[in-house]
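These are the residues of each chain, in order.
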Amino acid sequence: HFNTEIIKSISQRHFHPLTHPGYNCVTVSLKSESEMGLVIGTGGSNIKHVQSMSKCRVFTPERHSPDQLTVTIVGPEQGLKKAYVFCVFVLSAIQ
């Protein structure tokens, strides 16, 4: 049962506190697929940048999945803040 819980957490949230101590996750809800394109950037440039500067991983869902407009960011708390702010900044460029 315990291992099942860990595996479920990793498959749903991309981490578990036992396997990644000090990690957490935040989500960014998007309004459209074009916003997803902005977050990803040309050739994945924005995701590569945010992962490099924040030491976090950015997960985008598969097309046509139930959560297709949700970006999940996983990593250490300090990095999560940087990554989240970057995503919000990129999205504010179209407002």
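Model, not experiment: these values are computed from the prediction. (Residues numbered from 1 in each chain as written. Predicted model: local features only at pLDDT ≥ 70, side-chain atom pairs only at ≥ 80, totals over all residues. Heavy atoms only, no water.)

Chemist: I'd like a rundown of the overall build of the chain, residues and numbers included.
Modeler: Looking only at helices and strands, the chain features 4 helices and 3 strands. Helices (α) and strands (β) of the chain occur, in sequence order from the N terminus, as α-β-α-α-β-β-α. The C-alpha atoms of the chain give a radius of gyration of 14 Å, which matches the 12 Å a tight globule of 95 residues would have. Expressed along its principal axes, the backbone C-alpha trace of the chain runs to roughly 45 × 30 × 20 Å. The buried share of the chain, reckoned over its 95 residues, is 33%. In the chain, 57% of the contacts between residues at least 6 apart in sequence involve partners at least 24 apart. Summing over all exposed atoms, the chain offers an accessible surface of approximately 6200 Å²; the carbon and sulfur share of this is 57%. Distance between charge centroids for the chain: 8 Å, based on 9 positive and 6 negative side chains. (Helix = DSSP H or I, 4+ residues; strand = E, 2+ residues; numbered from the N terminus. Rg over C-alpha atoms; globule rule 2.2 N^0.38 Å. Buried < 20%, exposed > 50% of the residue type's maximum accessible area, 1.4 Å probe, protein only. Contact = heavy atoms within 4.5 Å. Areas by Shrake-Rupley, 256 points an atom, 1.4 Å probe, with all protein chains shown as cover. Lys, Arg positive; Asp, Glu negative; His and termini not counted. Charge placed at Lys NZ, Arg CZ, Asp CG, Glu CD.)

Chemist: I'd like a rundown of unusual backbone geometry, residues and numbers included.
Modeler: In this model, K55 sits at a positive phi of 60°, which is unusual for a non-glycine residue. Mapped onto the fold, K55 is located in the loop between α3 (45–54) and β2 (57–59). What makes K55 exposed here is its relative accessible area of 60%.

Chemist: Outline helix α2 (residues 33–40), listing residues and values.
Modeler: Where α2 is concerned, the buried positions are E35, M36 and V39. Buried residues in α2, looked at end-on, bunch into an arc of 105°, giving them a common side. The inward-facing, buried residues of α2 contact α3, β3 (70–76) and α4 (77–92). With its phi angle positive at about 80°, G41 sits one or two positions after the end of α2. (Arc of directions from axis to C-beta.)

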